[in-house]
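What follows is each chain in one-letter form.
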Amino acid sequence: MEPLLIVEDLHTGFHTDGGYVQAVDGISYEIYPGETFAIVGESGSGKSVSALTIMGLIDVPPGEISAGRIMWGGRDLLTLPEDERRAIRGKEIAMIFQDPMTSLNPVHTIGRQIGEMARIHEGASKKEGRQRAVELLDLVGIPQPDVRVDNYPHEFSGGMRQRAMIAMAIACKPSLLIADEPTTALDVTVQAQVLEVIHDIRDEIGSAVMLITHDLGVVAGMADRVMVMYAGRAAELGTADEVFYEPRHPYTLGLLASLPRVDDAGIERLVPIIGHPPSLINKPPGCVFHPRCPFVEEMCRTTVPEMRVVEGDAHMSACHYAETLREIGTSELSAIVEELEELA
Amino acid sequence: MTGYVIRRLLLVIPVVWGALTILFILFFIVPGDPVELMAGASGRAVPEATRQAIEEEFGLNDPILVQYADFWKRTLTGDLGTSYASRRPVSDILGETFPNSLRLAIWAIFIETTIGISAGVLSAIRRYSFADGLTTVLTALAASIPVFVLGFIAQQAFGVFPNQQGWPEWARLPVQGTPEDWHFFLFPSDWRYLLLPMLVLASVGTALVARMTRTTMLEVSRADYMRTARAKGLSERNVVMRHGLRNALIPVVTLIGLDLANLIGAAIITETVFNWRGMGRQIATSIFRRDAPVVLGLTLVLVVAYVLINLLVDLSYGFFDPRVRIGKEKS
Amino acid sequence: MAISVPDRSLAEEHIGGAPTEPTTDHTVAPATPKGDVWRRFKRNRLAMIGLVLIVLIVLAAVFADFLTTGQPGKVNTNDANQRLFSPGHPLGTDRVGRDLYTDVLYGARVSLRIGLFAGLIAASIGIVVGAISAFYGRWIDSSIMRFTDILLSLPYILIALAIITVVGPGERTVILVLGLLGWMAIARVLRASILQVKETEYVEAARALGAPNRRIIFRHILPNTIQPVIVYTTLFIGAAVLSEAALSFLGVGVQRPTPAWGLMVAEGRRSLANYPHMLFVPAIALSILVTAAVFVGDGLRDALDPKLK
């Protein structure tokens, strides 16, 4: 199968008063039609920035896309003129954002904002736009869509707003839907509902979904393949099963170990990842995770590990000692971490 | 909704009452003899009999509270009293001056809205450009040059100087005076009289509107919904105009509305400089002359106008910002 | 070019700021808030220009005695109507021979005094009233706000005119009147600010920790709410200077022989056709002071609210 989207060695940074922030530092991945591809990482890992770069929503300056290619439909998006990118934006690749309250315009009705998609990309009239909006609202499960379509965003609840955002994004049946932390601002119960909507929509429209989140639980439920990012670089990439059950990067291991689990009665303490996130202006040399890695060795401090296949045919990791991690389980990890904490 | 309007209208009453009472108090502390004003001429003393007659007629001898009560009684029946200075009914004076003040204010607001908002939007779009810097400096200047200085300069440049240099009629503007003849209330037969006072009066307001528009546009451009609009594939122009402007203008509209409320009374300087027969100038003159009925009567109208316009502005707020609409159900 | 403002918030999210070695010290000392404000203010060129101008004007006013030998407001009809750059009169003289250079210097004192003291009075009353209104709430708040509305509904200049006509013109009266008529806006601004902050979570948090009311007020609420008041007062000072000019123009401001810029403009009007400098010299002085105040006020506003960059 041909990939829909190919990101190659992407580098995006920002000029700030404190220095140059390399937010995306050499990321490469592919997304295939119809799959759900999750990008996982903490705040500051660069996951949102990479999505915005794909959409072309990075302000240049102070942003700068210093290297890389983004291939879509055989063309490199980064070299396309703005009007061609705009034609793709929303129509072929659509994006929904984290906070639906602030992401919707408070002075326009929901119907108008959704209908706008049809009006821009398909030349629909106002009436047609509104009609389409009603259909879409119905599709995402909003009750009484013909009434709700004339409501303003503040008259919707959080979960409904996010559904409206989804409706807006899929209006033109995009091949790729990017969801940037779609559930972070919502209550837990509503989270599940919204994720289900995304899931159903995906099936309905046949689009691929790029799901960006820091919440591993969300990923576990929905993703086919996962990429773990840290400090702008890729740490691990593989199918959801591979990454969850056979992690091959210390950071992934740490993430998994730090999750409180209902079934894990044995471990009493949560296992944190020691240290704090690095400065993106002054990144640590060598492996960017090495200051926090419980397994750090000399090579890690000096040489940047390449992203390479470490298992099967597509399970990749950027760790010099990925193979050794095969043996480590979470209980062992917690022991190691405890030791290190006592030393510190 | 109607309940809200009624409540607000009822609030007008204490405000007007309070304002007029304060004024009334001011005037009764005033030393200064209205009798002098009315009957005294060229410094001759007023004959006792005349004095008595006048005091009787105007109730000047009665205790203050009685005069106060009388004032309200009169006013509530529509009788605004008689000017001490000119013996004309205050309502006549009102009829001559109020329309002129209103006209000037409306035109000034028109300028503020069109030029002010456009300048602000342009300035925000071309941020940090030369045009933006120029606008910043110009608006700061317009807000800080005293209005009367601006007025004088305008008079000099467009009226006196051309006159002195013997320029042709069409290249000159009259420096003083109020047109008598108006069409549809707002359009004078001789527009040249209107031009300078209108621009000068609008100067400060335009500067403020331009600055505020620029600020709100910049604030709005950082908003998440702007990013969403771009993500939808809208052209930058549409993003700004259709999504940004509507939001950015909300506070600006309030500002303009409040300015209108103020402008009718605050135009005194411009009216004086250009000899425009408006309420501000009339009240100022009457204050100097201790002509209490005129001051009280005209100010009453000003206060009522101010409060009503404020109420309208508040109500219109709901039109512009759906989040504050009264009476709409939330889900 | 897009209107989009540099997406700093996104970039700022990415600056971890922590050292690269894991340490037990988790706090990276941020720049002190005050230092931050000053730094941002410094970067605003117009604001710095404004500040410099104000400092210069203040210095000129303070050291007026050393900068000129003339007597302020001294009439000397022999010397009337001197143009700019005349010998002995660098800025010329007015209709009755008063040296403009000297009068402008001493006039600076008047304008500054009026602006500062009116501002002080307005701010003091405004802060007290606004704070009381916001803290005590309920009917105290309603009545105070109602009273403020009443005062605000009266046309500002006309009331000033009325009061001064009653009491008699002069510098003290002008200061009092301007201050007494200006506190309302400050009170409102402070009240709105306090009401916003009162309900925020960090105040709730402080209460939950058991902090006494006074401490909450001084350490949490006040520092955050005083900012708009500072900005507004600065702008008010500029406005007060202009108001004095307007009052002098109408004849009820500062009186001669004290030179005041507004007064000088009014006097200069008569000779505008033949000797425009008589009007323009004080007018320019006024404009410079007020413009500087506006720039500084704007700069303060931008520096105190980082989101507005």
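A word on the overall build of chain A
When helices and strands are counted, chain A shows 13 helices and 12 strands. Here chain A has a C-alpha radius of gyration of 21 Å; the compact-globule value for 344 residues is 20 Å, and the two agree. Judged by the C-alpha coordinates and their principal axes, chain A covers about 65 × 50 × 45 Å. Out of the 344 residues in chain A, the part that is buried amounts to 50%. Intrachain contacts of chain A at a sequence separation of at least 6 include 65% that bridge at least 24 residues.

Topic: the overall build of chain B
Looking only at helices and strands, chain B has 13 helices and two strands in total. In chain B, which comprises 331 residues, the share counted as buried stands at 42%. Partitioning the contacts of chain B with sequence separation of at least 6, the portion at a separation of at least 24 is 69%.

Some remarks on the nonpolar core
In this structure, M210 of chain A together with L161 of chain C are the most contacted members of the largest nonpolar core, which totals 261 residues. It is helix α8 (residues 192-221) of chain B that provides the largest number of residues to this core, a total of 16 residues. Residues contacting L161 of chain C, with those up to four places away along its chain left out, are A284 and I287 of chain B together with L250 and V252 of chain C.

A closer look at the environment of K283 of chain A
Residues and elements named next belong to chain A. With respect to the secondary-structure elements, K283 resides in the loop between α11 (250-257) and α12 (298-302). Residues K283 and Q22, 261 residues apart in the sequence, show an inter-C-alpha distance of 8.8 Å. With residues near it in sequence (within four places) discarded, K283 still touches Q22, A231, P278 and V288.

Considerations on the sheet that holds strand β1 (residues 5-16) of chain A
Read across the sheet, four strands follow the order β2-β1-β4-β5 (chain A) without closing on themselves; strand pairing throughout is antiparallel. The outermost strands of the open sheet, each flanked by one partner alone, are β2 (19-31) and β5 (75-76) of chain A.

Describing helix α9 (residues 224-231) of chain B
Residue and element names in this part refer to chain B. In terms of burial, α9 is largely enclosed, as seven of its eight residues are buried. Within the span of α9, buried status applies to Y225, M226, R227, T228, A229, R230 and A231. Of the residues trailing α9, G233 is marked for its positive phi of about 100 degrees.

Structural notes on the interface of chain B and chain C
A common measure of how large an interface is: the accessible area buried when the components associate. Taken together, the contact between chain B and chain C spans 41 residues of the former and 38 residues of the latter. Here the side of chain B that touches chain C takes seven residues from helix α1 (residues 2-29) of chain B, the largest share from any one element. The class makeup of the residues in the side of chain B that touches chain C is 31 nonpolar, seven polar and three charged.

Re the packing of helix α5 (residues 90-125) of chain B against helix α12 (residues 279-288) of chain B
Residues and elements named next belong to chain B. In the contact formed by α5 and α12, the axes pass within 8 Å of each other and the chain directions differ by 135 degrees. By the angle class used here, α5 and α12 are oblique. Counting all contacts with α5, which are made through I93, T97, F98 and S101, the residues of α12 involved are M279, G280 and Q282. Each residue belonging to the contact of α5 with α12 can be placed in one class, and the counts come to three nonpolar, four polar and no charged.

Regarding the pairing of strand β8 (residues 208-213) of chain A
Residue and element names in this part refer to chain A. Within β8, six of the six residues are buried, leaving the element largely enclosed by the surrounding structure. Of the two faces of β8, the one carrying A208, M210 and I212 and the one carrying V209, L211 and T213 are both buried. Here strand β3 (residues 36-40) pairs with β8 via five bridges, running parallel. Looking at β8, one finds that V40 is bridged to T213. Across five bridges, strand β7 (residues 176-180) lies against β8 in parallel orientation. By the bridge assignment, I178 is partnered in β8 with M210.

Side note on helix α5 (residues 100-136) of chain C
Given a rise of 1.5 Å per residue, 37 residues ought to cover 54 Å, and the 52 Å separating the end C-alpha atoms of α5 of chain C matches this to within 8%. In the segment just after α5 of chain C, G137 of chain C is the residue with positive phi, at about 60 degrees.

Side note on the environment of L158 of chain C
Mapped onto the elements, L158 of chain C comes out in helix α7 (residues 156-167). For L158 of chain C and L247 of chain C, which are 89 residues apart along the polypeptide, the C-alpha to C-alpha distance reads 9.9 Å. Sequence-distant contacts of L158 of chain C, defined by excluding residues within four places in its chain, comprise G265, I268, I283, A284 and T299 of chain B.

Points about the sheet that holds strand β11 (residues 308-311) of chain A
All names here are of chain A. Read from one edge of the open sheet, eight strands run β6-β7-β8-β3-β9-β10-β12-β11, paired in mixed fashion. Bordering the open sheet on either side are β6 (93-96) and β11, each of which pairs with just one other strand. Shown here is a sheet whose adjacent strand axes are inclined to one another by a mean of 25 degrees, direction ignored. Sheet analysis places β11 next to strand β12 (residues 315-317), joined by three bridges and oriented antiparallel. Within β12, the position partnered with R308 by the bridge is S317. Against the sheet, helix α7 (residues 158-169) touches β6 and β7, its axis set at about 170 degrees to β6.

Brief notes about unusual backbone geometry
In this structure, K173 of chain A is a non-glycine residue whose phi angle is positive, near 50 degrees. With respect to the secondary-structure elements, K173 of chain A resides in the loop between α7 and β7. For K173 of chain A, a count of 13 C-beta atoms within 10 Å gives the class partly exposed. In this structure, N275 of chain B takes a positive phi of about 55 degrees despite not being glycine. With respect to the secondary-structure elements, N275 of chain B resides in the loop between α11 (268-274) and α12.

Structural notes on the confidence of the model for chain B
For chain B, the mean per-residue pLDDT works out to 80, and 90% of the residues sit at or above 70. Mean pLDDT across the elements of chain B ranges from a minimum in helix α2 (residues 34-39) of chain B, with 64, to a maximum in α9 of chain B, with 91.

Remarks on the environment of S28 of chain A
Residue and element names in this part refer to chain A. Mapped onto the elements of the fold, S28 is located in strand β2. For S28, a count of 16 C-beta atoms within 10 Å gives the class partly exposed. For the pair formed by S28 and D138, sequence separation is 110 residues and the distance between their alpha carbons is 37 Å. Dropping the residues within four chain positions of it, S28 is found in contact with V7, E8 and D9.

Some remarks on the packing of α5 of chain B against helix α10 (residues 236-266) of chain B
Each pair of packed helices can be described by the angle between their axes along with the distance between the axes. Residue and element names in this part refer to chain B. Close contact between α5 and α10 brings their axes to 10 Å; oriented N to C, the two are set at 150 degrees. Comparing their axes, α10 and α5 come out roughly antiparallel. Taken as a pair, α5 and α10 cross one another with a handedness that is right-handed. Along the contact surface, α5 presents S101, L102, A105, A108, I109, E112, T113, I117, V121 and I125, while α10 presents V240, L245, V252, I256, D259, L260, L263 and I264. Grouping the constituent residues of the contact of α5 with α10 by class yields 14 nonpolar, two polar and two charged.

What counts, and where the lines are drawn
- Residues numbered from 1 in each chain as written.
- Chains lettered and ligands numbered in written order.
- Predicted model: local features only at pLDDT ≥ 70, side-chain atom pairs only at ≥ 80, totals over all residues.
- Helix = DSSP H or I, 4+ residues; strand = E, 2+ residues; numbered from the N terminus.
- Rg over C-alpha atoms; globule rule 2.2 N^0.38 Å.
- Buried ≥ 20, exposed ≤ 12 C-beta atoms within 10 Å, placed from the backbone.
- Contact = placed C-beta atoms within 7 Å.
- Core = buried A, V, L, I, M, F, W, Y, C linked by C-beta atoms within 7 Å.
- Pairing = 2+ DSSP bridges.
- Nonpolar A, V, L, I, M, F, W, Y, C, P; charged D, E, K, R; others polar.
- Axes fitted to C-alpha atoms, helices over the stretch in contact; angles between N-to-C directions.
- Parallel < 35°, antiparallel > 145°, perpendicular 65-115°, else oblique.
- Expected span 1.5 Å × (residues − 1).
- pLDDT = per-residue confidence, 0-100.
- Left-handed = near helix turned anticlockwise from the far one by under 90°.

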